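Listed below, chain by chain, are the residues.
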Amino acid sequence: MKRLLLYIIGLSLCGLVIYWLAYDRPLLVEFNAEPVPKAAPSVQVRIALYDWTDNLEVKNAIRQYNLNNPDHIEIVMMNIQADAYDDTLNMLMTSGQGPDVFSVDNSWLATYVNKGYLANLYSDLTPEYLSRFPQWARDYAHSPLFKGGLYFIPSSIETVRLIYNKQLFRTAGLDPERPPVTFAEVKQAAGKISRAGVGVNKYGFALPAGDSQDSLQTGLEMSGTYSGAYLYNYRTGRYDLSVYEPWLRLMLDMKKEGSLYPGETLLKRNSALRQFADGNIGMMYATSKDYVKLQEYMPKDDWGVALPPVRVASEKGAGALMMIPHSPLAVNSSAPDREAAVKVWKFLQSEAFLTILFRQALALPVVDGITGLASQVPGLGRFKEFHPTAAESIYPLSPQIMDQYDPNTVSVEPRDSGDRSRMQLYLQILSGGISVGAGLRAESDRLNQMLDIAATGYSFKREEYIYPGFDPRRPLQGQSLERR
């Protein structure tokens, strides 16, 4: 009887299961519970930054934004190597695969606007928002070169300085509180440091020309403006590289005397900064962007910071020392979700995010009074000596002419494409392969010929780069009004 009862119960259960399956009935008792709402899908915004992507605090700030923003936006950082950033970005933009928000080198801004790569942010930025930025930044962004739109606005800048090892100055019998002011004083100090360091590999000066953009464009062209010298004449709209002959002769003289760190045409910037930190280099040029790397190498000796030397004492302050906007942020005109991309752009330009950059000595913000707040000064002692002074200024953009005969510019238009021949000339001069005067004259003629050729086309307007009343001591004064 027990077996029969179990058999009947088993058959009954099997029948119930078949019934429930056949009619799609639930096997479990349902409770009258509220349905769980689905999380809103996140909108991904891809960003590419020339600097900062490896910094832990920057990563944390973006992680917090992804967790806490009410718009369910997820920032995705693209990993682009700094030394190939501009080349890679150009290829991505040309192929239609560019990031949604990205840094753009200043020399490429006009080209990107002309190609329609950048979103016009004019309708997205209120007067109150724009008031955060200094007048020069607003004028720079409103330049006629950008066709009346507002595609970016600089929020931080980069400065150039001469750094020097005070201990090597003392050893050489030099006053460590009186860094050289003129080229002649640099040559004299470099010679004394090198002679005092014979046998222990100490050199008076280093020029890491292996990174031409960072060293030749900053140490030569950018710093030369403090003497009133610049390769492009804004009044006439012509090039004249002869203004750099004294600087190049200074380097050649130090090289001949053995006071220039050897292998200058191959020396990389980070290698030079490490040698400086190890106490083997007396002087070199550095930018505010180099400060973090220098601190990472932990200089063993006391060191100082000074404004770059000038050609002769009478030219000190003949021009404002050039500072350049840190590669501005822009929004891709083809971003799948423009509204989300603009929100991310504003986050990266926010006081909170820029303060993080400042505290890490990654940037010198020009908005919201960040650098002027005592509570925000980084613990990295000498970073404040890279802060902009009254002797410094932004300059108007100069023409960025692509060399149509350079095979490297055909497909990807790399960042140095308009500058490559000039950088190669400087390297040839430093290596002794070409005479200073003849080389500078030939390159000036070539650049002016390229200007003349470009002026026959439709996209380049020579008059947009000519300022008859240009004053090198006040490079931006009246420029925007004169052009409107």
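Residues numbered from 1 in each chain as written. Predicted model: local features only at pLDDT ≥ 70, side-chain atom pairs only at ≥ 80, totals over all residues. Heavy atoms only, no water.

Here we take up the overall build of the protein. Secondary structure summary: the protein contains 17 helices and 15 strands in total. When each of the 484 residues of the protein is scored for burial, the buried share is 51%. Looking at the protein alone, contacts between residues at least 24 apart form 74% of all its contacts between residues at least 6 apart. For the protein, the accessible area works out to roughly 23,400 Å², and carbon and sulfur atoms hold 53% of it. (Helix = DSSP H or I, 4+ residues; strand = E, 2+ residues; numbered from the N terminus. Buried < 20%, exposed > 50% of the residue type's maximum accessible area, 1.4 Å probe, protein only. Contact = heavy atoms within 4.5 Å. Areas by Shrake-Rupley, 256 points an atom, 1.4 Å probe, with all protein chains shown as cover.)

Contact pair helix H2 (residues 56-68) / helix H13 (residues 338-348): the axes reach a minimum separation of 12 Å and the direction vectors enclose 140 degrees. The orientation of H2 with respect to H13, classified from their angle, is oblique. For the pair H2 and H13, the crossing hand works out as right-handed. Each of Ala-61, Ile-62 and Tyr-65 in H2 lies in contact with H13, whose residues at this interface are Lys-343, Val-344 and Phe-347. In terms of residue class, the contact of H2 with H13 is built from five nonpolar, no polar and one charged. (Axes fitted to C-alpha atoms, helices over the stretch in contact; angles between N-to-C directions. Parallel < 35°, antiparallel > 145°, perpendicular 65-115°, else oblique. Left-handed = near helix turned anticlockwise from the far one by under 90°. Nonpolar A, V, L, I, M, F, W, Y, C, P; charged D, E, K, R; others polar.)

This part is about the layout of surface pockets. Estimated volume of the largest pocket: approximately 1,300 Å³. The wall of the largest pocket is formed by 37 residues, among which Tyr-50, Asp-51, Ala-82, Asp-83 and Asp-214 lie closest to the centre. When contributions to the lining of the largest pocket are tallied by element, the ones reaching two or more residues are helix H3 (85-94), helix H9 (212-224), helix H11 (269-277), helix H12 (291-296) and helix H15 (420-430). Here the element with the most residues in the lining of the largest pocket is H15; it accounts for four residues. Taken together, the residues of the lining of the largest pocket sort by class into 12 nonpolar, nine polar and 16 charged. (1 Å grid on protein atoms, 1.4 Å probe; cavity = no way out; pocket = protein on both sides within 12 Å on 5 of 7 lines; lining within 4 Å. Points joined across faces, edges and corners; volume = space filled by probe spheres on them.)

Residue placement: Thr-111 occurs in helix H4 (residues 109-114). Here Thr-111 falls in the buried class, since its relative accessible area comes to 18%.

Let's shift gears to the sheet that holds strand E12 (residues 324-325). The pairing of strands in a sheet comes from backbone hydrogen bonds and takes either a parallel or an antiparallel form. Reading across the sheet, the three strands line up as E12-E4-E14 and stay open at both edges, with antiparallel pairing between neighbours. A single partner strand is all that each edge strand has here, and the edge strands are E12 and strand E14 (364-365). The pairing of strand E4 (residues 156-158) with E14 spans two bridges and is antiparallel. Paired with Ser-156 across the strands is Pro-365, a residue of E14. (Pairing = 2+ DSSP bridges.)

Glancing now at the nonpolar core. Counting 142 residues, the largest nonpolar core has Val-101, Phe-102 and Phe-205 as the members making the most contacts within it. Among the elements that take part in this core, H13 stands out by supplying seven residues, more than any other. Those residues in contact with Phe-205, other than ones at most four positions away along the chain, are Leu-162, Val-186, Ala-190, Met-251, Met-254, Ser-259, Leu-260, Tyr-261, Ile-281, Met-283, Met-284 and Tyr-285. (Core = buried A, V, L, I, M, F, W, Y, C linked by side-chain atoms within 4.5 Å.)

Okay, the packing of aromatic side chains next. This model, assessed by the stated rule, comprises 27 aromatic pairs. Seen from their ring centres, Phe-347 and Phe-353 are 5.4 Å apart, and the 50 degrees between their planes marks the pair as tilted. Comparing Phe-347 with Phe-353, the two get one shared label, buried. Each member of the aromatic cluster is reached from another via a ring pair, and the members are Tyr-230, Tyr-232, Tyr-234, Tyr-239, Tyr-395, Tyr-467 and Phe-470. Taking the ring centre of Tyr-129 as reference, the NZ or CZ of Lys-346 above it sits at 5.6 Å. (Phe/Tyr/Trp six-rings, centres within 6.5 Å; stacked < 30°, edge-to-face > 60°. Lys NZ or Arg CZ within 6 Å of the ring centre and 35° of its normal.)

Attention now moves to the confidence of the model for the protein. In this model, the protein carries an average pLDDT of 86, and 85% of its residues clear a pLDDT of 70 or more. Confidence drops under pLDDT 50 across residues 16-32; counting only partners more than four residues distant or on other chains, this segment forms four contacts. For the stretch residues 403-417, pLDDT sits under 50, and the model shows 38 contacts to residues farther than four places along the chain or on other chains. (pLDDT = per-residue confidence, 0-100.)

What follows concerns the pairing of strand E10 (residues 303-306). The side-chain alternation of E10 yields two buried faces, one formed by Trp-303 and Val-305 and the other by Gly-304 and Ala-306. Examined bridge by bridge, strand E5 (residues 160-165) and E10 share four bridges and lie antiparallel to one another. Of the residues in E10, the one forming a bridge with Tyr-164 is Gly-304.

Looking now at the packing of helix H10 (residues 245-257) against H15. Interaxial distance between H10 and H15 falls to 10 Å at its minimum, and their mutual angle equals 35 degrees. Judged by the twist between their axes, the crossing of H10 over H15 is right-handed. Of H15, the residues touching H10 (which contributes Leu-248, Met-251, Leu-252 and Lys-255) are Tyr-426, Ile-429 and Leu-430. Per-class residue counts for the contact of H10 with H15 are six nonpolar, no polar and one charged.

Here we come to the sheet that holds E5. Spatially, four strands are ordered E6-E9-E5-E10 in an open sheet, and the strand pairing comes out mixed. Of all strands in the sheet, those bounded by a partner on one side alone are strand E6 (203-205) and E10. Pairs of neighbouring strands in the sheet enclose a mean axial angle of 25 degrees, with direction left out of account. As paired strands, E5 and strand E9 (residues 281-287) are joined by five bridges and run antiparallel to one another. Bridged to Ile-163 within E9 is Met-284.

Bringing H10 into the picture now. Working note: α-helix, 3.6 residues per turn, so residues spaced by three or four point in the same direction. Taking 1.5 Å per residue, 13 residues should reach 18 Å; H10 reaches 18 Å between its end C-alpha atoms and fits that length. By the burial criterion, the buried members of H10 are Trp-247, Leu-248, Leu-250, Met-251 and Met-254. All buried residues of H10 project into a common sector of 155 degrees when viewed along the axis, lining one side. Residues of H10 that are buried sit in contact with helix H8 (183-196), E6, H9, E9, H15 and helix H16 (436-454). Of the residues one or two after H10, Gly-258 is the one with positive phi, at around 80 degrees. (Expected span 1.5 Å × (residues − 1). Arc of directions from axis to C-beta.)

Examined against the element boundaries, Gly-149 turns out to sit in the loop between helix H6 (135-141) and E4. The buried category is assigned to Gly-149, whose relative accessible area is 1%. When the C-alpha positions of Gly-149 and Leu-118 are compared, they lie 9.9 Å apart, and in sequence the two are 31 residues distant.

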